[in-house]
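# Topology and contacts: notes
What follows is each chain in one-letter form.
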Amino acid sequence: MVTESQDNTMREALFQHMDRLVLEFGASLPAFVLKRRFVFEDFGFMPLQQNGIFRPQPLQEGDAAVVLLSSVDGPYEDRSDVETGYFQYRYQGGSKDRDNWYNRALRSALEKQKPVLYLLGMGANEYMPLYPCYVINDNRSNGFVNLQLVNRSVVLTPTSDVEVTTAIRAYTTVLAKRRVHQEAFRGLVLKAYSDTCAVCSLKIRKLLDAAHIIPDGEERGDPIVQNGLALCKLHHEAYDFNIIGIKSSYEVVVSEKTMELVDGPMLTHGLKEVHGKQLIVPRRIPSRPDRERLEERFQRFLRQS
Ligand SMILES: [Zn+2]
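Each chain has its residues counted from 1, running along the sequence as written. This being a predicted model, a pLDDT of at least 70 is required before a residue's local features are given, and a value of 80 or more before pairs of side-chain atoms are given or counted; all residues contribute to the totals for chains, interfaces and linings. Just so you know, side-chain values use all the structure's heavy atoms and leave hydrogens and water out.

In this section: the overall build of the chain. Within the chain, the secondary structure is distributed over 10 helices and 13 strands. Expressed as a percentage of the 305 residues in the chain, the buried residues total 51%. Contacts between residues were defined by any pair of non-hydrogen atoms, one from each residue, lying within 4.5 Å. Taking the contacts inside the chain whose residues are at least 6 apart along the sequence as the reference set, 63% of them involve residues at least 24 apart. Per-residue and other accessible areas were derived by the Shrake-Rupley procedure at a 1.4 Å probe size, with only the shown protein chains allowed to occlude residues. Looking at the chain as shown, the accessible area adds up to about 15000 Å², and 53% of this sits on carbon and sulfur atoms. Note on conventions: DSSP H or I runs of at least 4 residues are helices, E runs of at least 2 residues are strands, and numbering of each starts at the N terminus. Only protein chains enter the accessibility calculation, which uses a 1.4 Å probe. A residue is then buried if its area is under 20% of the maximum for its type, exposed if over 50%, and partly exposed in between.

Below, the structure written as structure tokens:
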């Protein structure tokens, strides 16, 4: 028997476990990391399972699913759901199986309003952990439910189904959306660039960022790979402060002011020597930086540097 409070604590512990993994490996987690055993009190399980809907033992009939694995595996560019944090999740099995073990566990998550971990397939055997997600409605006749990612700090005290749904929607703050955006964006950009700084080829993932070409929040500042560049911390800041610019021909330019400075090796090797270099771009052509956006940004560099 697992009590209500143990169930809640276990879910929170699982989310904290995910926090640690994300900190170590980034927003997209390789499958092997998710196959490491998560231990809570006297039981444990692998977060990544074969089945889409997973409820570990000793949870039992009537208890809610804990992990949902996405059935779709697709490139982020095509996924508007990642931006809203609102997902459609298919029942397991065909139309005759709507009441099977898995789907009952899925529906229990709605009835009991238990937060679940949603592992969204990002391709290449990587998953983005989205948590906490709530099942917010059941479209039984069509065989799917909807999931909503909510802000972590939200604690729900449901009184009725309708109120719960409204409460979750209301609490789905800009913050939660931003988190998904940024995590997804970083994961995809770093993957496209094989964890390499596009300017200096540094390959230390922890020192790499996904920089926007057109800044986030502007009209063309979309969180898409083509509007991104994998840059190390130094070159990211340098790009944002117009110390370096990037031409639409993928040539790196260092501002004249900086070229005239005289200082130690960091300035010489880190900045002055990248002047005139060709940007390192993804092998996949559709993932390469958008030349129009680069040009627009380069014009700002010329005006401000
Ligand atoms: Zn760099």
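Moving on from the model shown.
Taken together, Cys 197 (SG), Cys 200 (SG), Cys 232 (SG) and His 235 (ND1) make up the protein donors of the zinc ion, found 2.1 to 2.3 Å from the metal. In this analysis a donor is any N, O or S atom within 2.8 Å of a metal ion (3.2 Å for sodium, potassium and calcium), and since water is not included, sites may seem incomplete. Irregular is the label for any site that misses the other tests, which are tetrahedral for four donors with all angles between 85 and 135 degrees, and square planar for four donors or octahedral for six when opposite donors exceed 155 degrees and the remaining angles lie between 65 and 115. Taken together, the 4 donor atoms surrounding the zinc ion define angles of 93 to 120° at the centre, an arrangement classified as tetrahedral. Sequence spacing among the residues donating to the zinc ion works out to C-x2-C-x31-C-x2-H. Using a relative accessible area of 28% as the deciding quantity, one classes Cys 200 as partly exposed.

This brings us to the side chain of Ser 70. Here Ser 70 shows up in strand S5 (residues 67–73). Of the residues examined, Ser 70 reaches a relative accessible area of 10% and is grouped as buried. Pairs of N or O atoms are called polar contacts if they sit within 3.5 Å, as long as, within protein, a hydrogen donor faces a hydrogen acceptor (for residues adjacent in sequence, only side-chain-to-side-chain pairs). At a separation of 2.7 Å, a polar atom in the side chain of Ser 70 contacts the main-chain amide nitrogen of Gly 121. What Ser 70 contacts, discounting residues up to four positions off in sequence, is Tyr 89, Tyr 118, Leu 119, Leu 120 and Gly 121.

Within soluble globular proteins, side chains that are nonpolar tend to cluster in buried spots. Formed by 53 residues in total, the largest nonpolar core has its most connected members in Leu 68 and Tyr 118. A per-element tally of this core places helix H6 (residues 174–192) first, with 6 residues. Both domain 1 (4–185) and domain 2 (195–304) contribute no fewer than three residues apiece to this core. Each residue touching Tyr 118, except ones within four places of it in the same chain, is listed here: Leu 68, Leu 69, Ser 70, Phe 87, Tyr 89, Met 128, Pro 129, Leu 130, Cys 133 and Leu 147. Residues enter a nonpolar core if they are buried and are Ala, Val, Leu, Ile, Met, Phe, Trp, Tyr or Cys, with the set joined through side-chain atoms within 4.5 Å. Of all hydrophobic cores here, the second largest spans 26 residues; its members include Leu 29, Ala 31, Leu 48 and Leu 59. Note that domain bounds follow an automatic or database assignment of domains.

Turning our eyes to something else, we now look at the pattern of salt bridges. Any carboxyl oxygen of Asp or Glu that lies within 4 Å of a side-chain nitrogen of Lys or Arg is treated as forming a salt bridge with it. Tallied over the entire structure, the rule returns 18 salt bridges. Arg 11 serves as the salt-bridge partner of Asp 7, at 2.5 Å between the closest nitrogen and oxygen. One end of the pair, Asp 7, and the other, Arg 11, are both in helix H1 (residues 4–25), 4 residues apart, so they sit about a helical turn from each other. The shortest N-O distance in the salt bridge between Lys 247 and Glu 251 comes to 3.7 Å. On the basis of relative accessible area, Lys 247 is assigned to the partly exposed category, the value being 29%. A cluster of three or more residues bridged by salt bridges with shared partners is formed by Glu 218, Arg 220, Glu 292, Glu 296 and Arg 300.

A pair of Phe, Tyr and Trp rings is counted when the ring centres sit within 6.5 Å of each other, with Trp represented by its six-membered ring. The angle between the planes then sorts it: under 30 degrees is stacked, over 60 is edge-to-face, the rest tilted. According to the stated counting rule, one finds 9 aromatic pairs in the structure shown. When the ring of Phe 25 is compared with that of Phe 32, the centres are 6.2 Å apart and the planes differ by 85°; the resulting orientation is edge-to-face. On the accessibility criterion, Phe 25 (18% relative accessible area) is buried. Here the aromatic residues Phe 38, Phe 45 and Phe 54 are joined through ring pairs into a cluster of three or more. A positively charged side chain is recorded as over a ring if its NZ (Lys) or CZ (Arg) lies within 6 Å of the ring centre. The angle to the ring normal must also be within 35 degrees. The ring centre of Tyr 239 lies 4.0 Å from the NZ or CZ of Arg 297, which sits over that ring.

By the element assignment, Ile 244 lies in strand S12 (residues 244–246). The spatial distance from the C-alpha of Ile 244 to the C-alpha of Glu 256 is 9.6 Å, given a sequence separation of 12 residues. The contacts of Ile 244, once residues within four sequence positions are left out, are Val 199, His 235, Ala 238, Tyr 239, Val 253, Val 254, Leu 271, Val 274 and Phe 301.

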